[in-house]
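Listed here are the chains, written in short residue letters.
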Amino acid sequence: MARLNLWRWGVLGLAGLYFLVPLAASVVFTVDVPGRGVTFDAYTRIFATEGFTSSLLLSLELAAATIAVVLLLTVPAVVALRLGSPRLRPVLEVVCSLPLVVPPIAFVAGIGTVLRWGPEHFSRTPLFQTFVAVQNPDFPFVLVLAYVVMALPFVYRALDAGLRAVDVRTLVEAARSCGAGWPQALLRAVLPNLRGALLNASFLTLALVLGEFTVAQLLGFRPFAVWIVNVSGSQAQLSVAVSVLSLLVTWLLLLALAGVGGRTRPTSRG
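Just so it is clear, the model here is predicted, and its values are computed rather than measured.

A.B. asks: Is there a simple way to explain the pattern of salt bridges in this structure?
C.D. replies: When their charged atoms lie close together, side chains carrying opposite charge are able to pair. Applying the stated criterion across every chain, the model contains five salt bridges. Between Arg 89 and Glu 93 there is a salt bridge; the shortest N-O distance is 3.7 Å. You can see Arg 89 and its partner Glu 93 sitting in helix α4 (residues 89-101), four residues apart, about one turn around the helix. Arg 89 gets classed as partly exposed once you look at its relative accessible area, which sits at 22%. Two residues, Arg 89 and Asp 160, come together in a salt bridge whose shortest N-O distance is 2.9 Å. One end of the pair, Arg 89, is in helix α4; the other, Asp 160, is in helix α7 (residues 141-164), with 71 residues separating them in the sequence. Look at Asp 160 and you get buried, because its relative accessible area is 8%. Within the structure, one salt-bridge network assembled from shared partners comprises Arg 82, Arg 89, Glu 93, Arg 157, Asp 160 and Arg 164.

Printed below as a string of structure tokens:
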């Protein structure tokens, strides 16, 4: 038992070094300026840098829209699958896992081909305005559609794990026996018991959207990840400082998510 505990602490220590050493080196790089000593100018200049606020807000808006769309698509699908057609679960699992085997370059090349093909063939139809609207730089909805596809594997896994821990059929039958319709049974009986799974799926989607670079860059948009890379060409310390700050914010969100998802309601005893 002592050797097992020692082995566990050793693995945890190596894992901690693997993550903390690069982070510490990044922090030192941002605060140690040659000839000036230790200074935090890189962090104080973040909020005043051109494009920071607009790119961050754009990424947050894209993340919120992606979370809403992907949950609206997957939650009813996985619940209906578990209630009505459990034999189709492998099919849905394969479909939701397909984005993992498609390279992002090929994925964005296909999107770009469709975006170029659409206006040429639908220039005299109302669909032309649709192709224009989804590419609006102020809010490129085409990125939301792309991120929904990319987030499917993670969202499905999180929801599937949550559903495995809940007796969905019993919850729905109890709600239906009390006079609730199918939407009410889903909203009032099933979703409250999937709070942890929904939070996990939302956080994974948020992390994906905030860190995604390839699709946005190749399609010509400038969310937060693209802005960081563009800034790094002329202001290396500032870009590393932004990366460190975004990483810390992500960790705080993860800790908050773990705290909220790990809360348990006290059971009442009569």
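A.B. asks: Mind showing me how you'd approach the environment of Val 79 here?
C.D. replies: Tracing the backbone through its elements, the reader meets Val 79 in helix α3 (residues 52-84). What makes Val 79 buried here is its relative accessible area of 7%. Expressed as a C-alpha distance, the spacing of Val 79 and Val 168, which sit 89 residues apart in the sequence, is 7.6 Å. Discounting chain neighbours no more than four positions away, the residues touching Val 79 are Leu 163, Val 168, Leu 186 and Val 190.

A.B. asks: Could you clarify how one ought to interpret the layout of surface pockets in this entry?
C.D. replies: Rolling a probe over the atoms, with the probe sized like a water molecule, indicates the empty space that remains. One number sums up the size of the largest pocket: a volume of about 440 Å³. Forming the boundary of the largest pocket are 18 residues, of which Leu 210, Phe 224, Ser 246, Leu 247 and Thr 250 lie nearest the centre. No other element matches the eight residues that helix α13 (residues 236-261) contributes to the lining of the largest pocket.

A.B. asks: I would appreciate a short explanation of the packing of aromatic side chains in the present structure.
C.D. replies: To describe a pair of aromatic rings, you give the distance between the ring centres and the angle between the ring planes. Inspection of every chain in the model, using the stated rule, returns four aromatic pairs. Seen from their ring centres, Tyr 18 and Phe 19 are 5.3 Å apart, and the 90° between their planes marks the pair as edge-to-face. Tyr 18 gets classed as exposed once you look at its relative accessible area, which sits at 62%. Its relative accessible area of 53% is what places Phe 19 among the exposed residues. Of the aromatic side chains, those joined through ring pairs into one cluster are Phe 52, Phe 224 and Trp 227.

A.B. asks: Can you walk me through the nonpolar core in this structure?
C.D. replies: Soluble globular proteins tend to pack their nonpolar side chains together in the buried interior. One finds Leu 71, Val 79, Leu 143, Tyr 147, Val 168 and Leu 219 to be the most contacted residues of the largest nonpolar core, which totals 51 residues. Top contributing element to this core by residue count: α7, with 14 residues. Counting residues in each nonpolar core, the second largest holds 10 residues, with Ile 46, Phe 52, Ile 228 and Val 242 among its members.

A.B. asks: Before we go on, may I ask you to explain a nonpolar patch on the surface in this structure?
C.D. replies: Together, Val 94, Leu 98, Leu 100, Val 101, Val 102, Phe 154 and Leu 204 give the surface a local cluster of nonpolar side chains, amounting to about 620 Å² of exposed area. A per-element tally of the nonpolar patch places α4 first, with four residues. One can find Phe 154 in helix α7.

A.B. asks: I tried to follow the side chain of Ser 55 on my own but got confused; where do I start?
C.D. replies: When you line up the elements, Ser 55 lands in helix α3. Judged by its relative accessible area of 2%, Ser 55 is buried. At 3.0 Å, the side chain of Ser 55 forms a polar contact with the backbone oxygen of Phe 52. Apart from the residues lying within four places of it in its own chain, the contact partners of Ser 55 are Arg 222, Pro 223, Phe 224 and Trp 227.

A.B. asks: Looking at this structure, how should I read the side chain of Ser 97?
C.D. replies: Mapped onto the elements of the fold, Ser 97 is located in helix α4. Here Glu 93 takes part through its backbone oxygen, which lies 2.7 Å from a polar atom of the side chain of Ser 97. Setting aside residues no more than four positions away along its own chain, Ser 97 makes contact with Pro 153 and Arg 157.

Cut-offs and rules
Residues numbered from 1 in each chain as written. Predicted model: local features only at pLDDT ≥ 70, side-chain atom pairs only at ≥ 80, totals over all residues. Heavy atoms only, no water. Salt bridge = Lys/Arg side-chain N within 4 Å of Asp/Glu carboxyl O. Helix = DSSP H or I, 4+ residues; strand = E, 2+ residues; numbered from the N terminus. Buried < 20%, exposed > 50% of the residue type's maximum accessible area, 1.4 Å probe, protein only. Contact = heavy atoms within 4.5 Å. 1 Å grid on protein atoms, 1.4 Å probe; cavity = no way out; pocket = protein on both sides within 12 Å on 5 of 7 lines; lining within 4 Å. Points joined across faces, edges and corners; volume = space filled by probe spheres on them. Phe/Tyr/Trp six-rings, centres within 6.5 Å; stacked < 30°, edge-to-face > 60°. Core = buried A, V, L, I, M, F, W, Y, C linked by side-chain atoms within 4.5 Å. Patch = residues over 30% accessible without salt bridge, like charges linked within 9 Å, V, L, I, M, F, W, Y side chains within 5 Å. Areas by Shrake-Rupley, 256 points an atom, 1.4 Å probe, with all protein chains shown as cover. Polar contact = N/O pair within 3.5 Å; in protein donor to acceptor, adjacent residues only side chain to side chain.

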